[in-house]
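# Coordinates in review
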Amino acid sequence: MKQFLGAFHLKTIISLITIWLLIILGVYLRTNQADVFPADNNDDSLFYTWAGITFWDNPFKLASHSIFEADNPALIWRSQYKDFIPWERFGLKITQPWLDHPPLGTAIIGLPAKLLGYPAFAQIPTLIVRFSALAAGIFTLLFTYIIGARLFGAKIGRLSLLFLATTPYFVAAHRQAFLENILTPLFLASLIALLNKKLILAAILAGLCGWVKAPGFSVPFMIAFWLWRQKQIKPAVKFFLTGTASILAYFGYGLLAGKDAFFYMLQQQGVRGAYVSSFFDTLTMPHFYGGFDDGLYILSIIFSLLMLTKFKKNNFRFFNWFLSLWLITIFLVAGRNNNSPWYWYPLIPFFSISLGYYVNQALNSNNLFLILPFWLFGLTGFDLLKIDVPSAWLRLATIVFFTPYVLNLKKITYWLTRIFLLSLIIFNIYITVNSPAVYCHFEKCPKPIKITR
């Protein structure tokens with residue numbers, strides 16, 4: 001018995017060390033060159049930071065750049081920003097009260113700059129702007145493991161964490177100080193509380209999601225409908241009331257901040273529309289502001305859609321319910337071609353868990369049909385690095401690699417599967433570290449400006 005308990009404790013310790021090493025790896029990859037890529041001279045992150053700084057001065061008088069100019073009653077300033085550098089120039093339109101989005105997410109994003117003494121409308125270093133998103137990424141990594149392990153077992157939880165930590169698109173996306181990267185760990189935390197039957201905590205967390213960004217107002221209702229389908233009527237009603245109260249409280253905030261500006265903004269945000277091609281663009285052209293053709297990202301979406309076919313067990317139903325309802329939310333709020341890829345960021349943990357699940361299936365079966373998708377989609381990193389693999393080499397490598405699978409040589413495919421997937425992870429780490437320099441060599445990447453104070 002003592003030996004069993006000792007082995008159990010050792011296994012638990014090793015598992016915990018592995019989890020935190022993967023989280024540290026994910027944090028390192030996200031912070032490495034975080035001020036270099038993704039890069040754009042008109043990044044909403046800076047505007048959120050300005051809004052956050054002014055929030056801490058007065059939570060009802062946020063001020064920042066707005067994309068809505070025509071007939072905007074809150075517009076107080078119009079000028080050219082960075083006018084002395086023509087290719088970085090863009091129109092700056094300051095509004096107060098700034099009500100483009102709910103205030104909680106911007107308050108979190110702007111807090112580091114506020115604590116460091118930066119005023120609003122200053123050129124704030126990119127790392128300070130992105131600090132909150134990088135910190136939120138730590139919680140996203142941890143919470144993804146917890147949900148993956150709780151639903152599908154610790155091994156799949158670790159594999160999910162591994163892919164979340166190292167997949168190039170996931171890493172680069174988590175560097176951006178967009179509201180969705182603040183919303184994601186809050187969304188995941190509400191699901192973890194729900195899984196642990198901490199309904200009061202789940203209600204509080206879910207109720208706050210919409211205060212980060214408006215699509216988050218759907219989270220309490222997602223949980224309410226889930227509980228309703230589980231025949232938990234009273235808790236479901238409480239979550240319906242939580243969602244309603246959160247929306248009404250936000251309306252109250254908007255009216256206190258500025259009635260005319262608030263209703264104007266609701267009208268402007270409401271004209272985005274829903275289009276039948278909204279999902280096609282993301283699946284065929286993955287991007288941030290520029291193209292970023294990471295095949296594993298596309299494969300993770302495909303695997304997530306395959307997860308939707310599994311609904312006999314309650315763990316799959318739970319996973320698929322919140323995946324499906326967030327996909328529906330995206331469809332309802334997306335513009336034509338879904339031109340804002342960060343709408344998808346709250347689904348990145350689900351995509352990672354889907355990768356973890358199917359990698360586990362591939363490791364257990366050594367099956368041609370399960371390893372083939374990773375070969376077809378996992379090698380796109382060569383294109384990200386602008387490495388042109390000769391066709392003859394690629395054809396020969398494909399034939400040599402898959403011959404043991406076709407011949408059903410189990411002992412060989414057992415190791416071949418593991419060596420290939422491990423090599424793919426190492427390759428992804430190499431891509432993550434080196435692709436920004438390659439990308440910026442061919443594209444126009446504004447370099448961070450060092451601020452001396």
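Look up: the structure comes first, before these words.
Here goes a summary of the coordinates provided. (Residues numbered from 1 in each chain as written. Predicted model: local features only at pLDDT ≥ 70, side-chain atom pairs only at ≥ 80, totals over all residues. Heavy atoms only, no water.)

## Brief notes about the overall build of the chain
Along the backbone of the chain there are 18 helices and 3 strands. Counting only contacts in the chain whose residues sit at least 6 apart along the sequence, the fraction spanning at least 24 positions is 76%. Here the chain displays about 21500 Å² of accessible surface, and carbon together with sulfur accounts for 67% of that area. (Helix = DSSP H or I, 4+ residues; strand = E, 2+ residues; numbered from the N terminus. Contact = heavy atoms within 4.5 Å. Areas by Shrake-Rupley, 256 points an atom, 1.4 Å probe, with all protein chains shown as cover.)

## Things to note about helix α8 (residues 199-209)
Regarding α8, the residues found buried are A202, A203, L205, A206, G207 and C209. Next to the buried residues of α8 lie α7 (179-195), α9 (219-229) and α10 (233-269). (Buried < 20%, exposed > 50% of the residue type's maximum accessible area, 1.4 Å probe, protein only.)

## Quick notes on the pattern of salt bridges
All told, the structure shown has 2 salt bridges when counted by the stated rule. The shortest N-O distance in the salt bridge between K114 and D57 comes to 2.5 Å. Of this pair, K114 sits in helix α3 (residues 103-115) while D57 sits in helix α2 (residues 44-57); the two residues are 57 residues apart in sequence, bridging distant segments of the chain. Judged by its relative accessible area of 30%, K114 falls in the partly exposed class. Assessed through its relative accessible area of 52%, D57 is described here as exposed. (Salt bridge = Lys/Arg side-chain N within 4 Å of Asp/Glu carboxyl O.)

## Description of the side chain of K213
Among the structural elements, K213 can be located in the loop between α8 and α9. The residues touching K213, leaving out its near neighbours within four places in the chain, are H101, P102, L179, E180, W342 and Y343.

## Some points on the packing of aromatic side chains
Here the structure, examined in full by the defined rule, presents 46 aromatic pairs. Measuring from ring centre to ring centre gives 5.9 Å for F139 and F143, while their planes differ by 45°; the resulting arrangement is tilted. Taken together, the residues span about one helical turn, with F139 and F143 both in helix α4 (residues 126-152) at a distance of 4 residues. The class for F139 is partly exposed, based on a relative accessible area of 46%. The buried category is assigned to F143, whose relative accessible area is 17%. Every member of this aromatic cluster is reached through a ring pair, and the members are F152, F187, F303, F316, F319, W326, F350, Y357, Y358 and F374. Over the ring of Y414 we find R418; its NZ or CZ atom is 3.7 Å from the centre of that ring. (Phe/Tyr/Trp six-rings, centres within 6.5 Å; stacked < 30°, edge-to-face > 60°. Lys NZ or Arg CZ within 6 Å of the ring centre and 35° of its normal.)

## Side note on the side chain of S64
For S64, the location among the structural elements is in strand β1 (residues 64-65). There is a polar contact of 2.6 Å between the side chain of S64 and the backbone oxygen of F47. Those residues in contact with S64 that lie beyond four places of it in its chain are F47, W50, A51, K93, I94, T95, W98 and F121. (Polar contact = N/O pair within 3.5 Å; in protein donor to acceptor, adjacent residues only side chain to side chain.)

## Notes on the nonpolar core
Counting 127 residues, the largest nonpolar core has I124, F187, F322, W344, L347 and F374 as the members making the most contacts within it. Among the elements that line this core, the one with the most residues is α7, at 12 residues. With residues near it in sequence (within four places) discarded, F374 still touches L296, L299, F303, L355, Y358, V359, L379, F420, L421 and L424. (Core = buried A, V, L, I, M, F, W, Y, C linked by side-chain atoms within 4.5 Å.)

## Some remarks on α9
Looking only at α9, the buried set comprises V219, P220, M222, I223, A224, W226 and L227. Those residues of α9 that are buried lie in contact with α7, α8, α10 and α13 (314-333). Directly after α9, the chain includes K231, whose backbone phi takes a positive value near 65°.

## Things to note about the environment of I330
Here I330 lies in helix α13. In this structure I330 comes out as buried when scored by relative accessible area, which is 2%.

## Side note on a nonpolar patch on the surface
On the surface, a nonpolar cluster with roughly 400 Å² of combined accessible area is contributed by I13, I17, L21 and I24. For I13, the position within the fold is in helix α1 (residues 2-31). Take I13: its relative accessible area is 47%, and that puts it in the partly exposed class. (Patch = residues over 30% accessible without salt bridge, like charges linked within 9 Å, V, L, I, M, F, W, Y side chains within 5 Å.)

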